[in-house]
Amino acid sequence: MSGPASKAPLAVSSGDPAGIGPEIIGKAWESHIRNNLPVFFAVGDANSFARHWGGPIDRIDNPDQAGRRFRYALPVFHVHECASIVPGSPDADGAHCALQALEIATGFARSGTASGLVTGPVSKAQLYGIGFTYPGQTEFVAERCGIERGNAIMMLAGPDLRVVPMTTHIPLNEVRNKLDCRLVKQRIIATAKGLQRDFAIEKPRLAIAGYNPHAGENGNIGREEIDLFGPIISELRAEGYDIIGPLPADTMFHKEARMQYDAALCAYHDQALIPLKTLYFHEAVNTTLGLPIIRTSPDHGTAFAIAGQNKARPDSMIAAIKMAAESARNRESFAALTE
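Calculation criteria
- Residues numbered from 1 in each chain as written.
- Predicted model: local features only at pLDDT ≥ 70, side-chain atom pairs only at ≥ 80, totals over all residues.
- Heavy atoms only, no water.
- Axes fitted to C-alpha atoms, helices over the stretch in contact; angles between N-to-C directions.
- Helix = DSSP H or I, 4+ residues; strand = E, 2+ residues; numbered from the N terminus.
- Parallel < 35°, antiparallel > 145°, perpendicular 65-115°, else oblique.
- Left-handed = near helix turned anticlockwise from the far one by under 90°.
- Contact = heavy atoms within 4.5 Å.
- Phe/Tyr/Trp six-rings, centres within 6.5 Å; stacked < 30°, edge-to-face > 60°.
- Buried < 20%, exposed > 50% of the residue type's maximum accessible area, 1.4 Å probe, protein only.
- Salt bridge = Lys/Arg side-chain N within 4 Å of Asp/Glu carboxyl O.

A. Representation of the packing of helix 4 (residues 92-111) against helix 6 (residues 137-144) within the structure. Here helix 4 crosses helix 6 at 45°, and the two axes come no closer than 10 Å. As far as their axial angle goes, helix 6 and helix 4 are oblique. Between helix 4 and helix 6 the crossing geometry is right-handed. Across the interface between the two elements, Leu99, Leu102, Glu103, Thr106 and Arg110 of helix 4 pack against Gln137, Phe140, Val141 and Arg144 of helix 6.

B. Quick look at the packing of aromatic side chains. In this structure the tally under the stated criterion is 8 aromatic pairs. Between phenylalanine 41 and phenylalanine 108, the ring centres sit 5.6 Å apart and the planes meet at 70°, which makes this aromatic pair edge-to-face. Here phenylalanine 41, found in strand 2 (residues 40-44), pairs with phenylalanine 108, found in helix 4; they are 67 residues apart in sequence, far enough to count as distant. The same class applies to phenylalanine 41 and to phenylalanine 108, which are both buried. Ring pairing ties together the aromatic residues Tyr128, Phe132, Tyr134 and Phe140, which thus form one cluster.

C. Representation of the pattern of salt bridges. Per the counting criterion, the structure on display carries 13 salt bridges. For arginine 197, the salt bridge identified is with aspartate 198, shortest N-O distance 4.0 Å. For arginine 331, the salt bridge identified is with aspartate 198, shortest N-O distance 2.9 Å. Of this pair, arginine 331 sits in helix 12 (residues 315-338) while aspartate 198 sits in helix 8 (residues 181-199); the two residues are 133 residues apart in sequence, bridging distant segments of the chain. A relative accessible area of 3% means that aspartate 198 is categorised as buried. Among the ionic contacts, a cluster of salt bridges with common partners joins Glu103, Glu143 and Arg144.

D. Structural context of unusual backbone geometry. In the segment running from glycine 245 into proline 246, the intervening peptide bond is cis, with an omega of 0°. Structurally, proline 246 can be placed in strand 9 (residues 242-247). At asparagine 36, a position not held by glycine, the phi torsion is positive, near 50°. With respect to the element layout, asparagine 36 can be found in the loop between helix 1 (21-30) and strand 2.

E. Here's a closer look at helix 6. In terms of burial, helix 6 is largely enclosed, as 6 of its 8 residues are buried. Those residues of helix 6 that fall on the buried side of the exposure criterion are Gln137, Thr138, Glu139, Phe140, Val141 and Ala142. Among the structural elements, strand 1 (10-13), helix 4, strand 5 (116-119), strand 11 (285-289) and strand 12 (295-298) are those in contact with the buried residues of helix 6. Downstream of helix 6 by one or two residues, glycine 146 has phi in the positive range, about 75°.

In structure tokens:
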């Protein structure tokens, strides 16, 4: 029997019902005893779970029912009937379902009827087709929580590596203009506070990846390390933050180097995600720091090409559920200590 992360269950939004979200959520439930998962319930189209996965499903009317049903079946809070959904064939109806599931699951987490939010993979192309105006689920959830988009920090985490891209989904030729003193400082402080609150790391050790090859070689291959990162790191060190860098990005992700820090902050998306996904492609979790709620997600997409074929691995979904439960416990402890 799995132990609860807190008094309330976790809410898991289905993602696009034509993708692998329903399958990996169902497979995660199948493994809940083996992996000691907390009580969770799915939010989405109950019929889509039946199409993707052959396990037991129990519709619930409110999150309070999840704990009583969880041992015997996957509890599903049904939000949208997708009569025409075919696994692997996304359409507008599925996008509406994914958006409704995300909206309602976020509401459960905000109200406290869910201890945290785990989001299934969505198709942004399909969402954009129905009028979705956010870069991704992170920004949508942040706005619903009353947090400015820029203050919701994306962290990707594996078993012994956490990375934060200081800029995310923008063209590479726009990265330097986006990186300024205010943004870099805000990302560093938010990461440190997030590690304390959600990961129970009392004194986080942070590493800053250099912007240029070889971290600029003392200004011979660019001056961003000297002119941008250097003064910020010195200022924050004086305030008590434990920061190393800027470090050459090509030598800071091997095993021995990873032991020197709790999280690495990188200048741009691929600088952070390539090492993380190379090491932990199937176990990586996307978690959002800076929110009043817990939010995690598998670090992969909808995989329409294999949807409905019983080929999807649930590893990342299982890891996301575990991390959400652990973060909920850590946040409760942190709140008690700070009070």
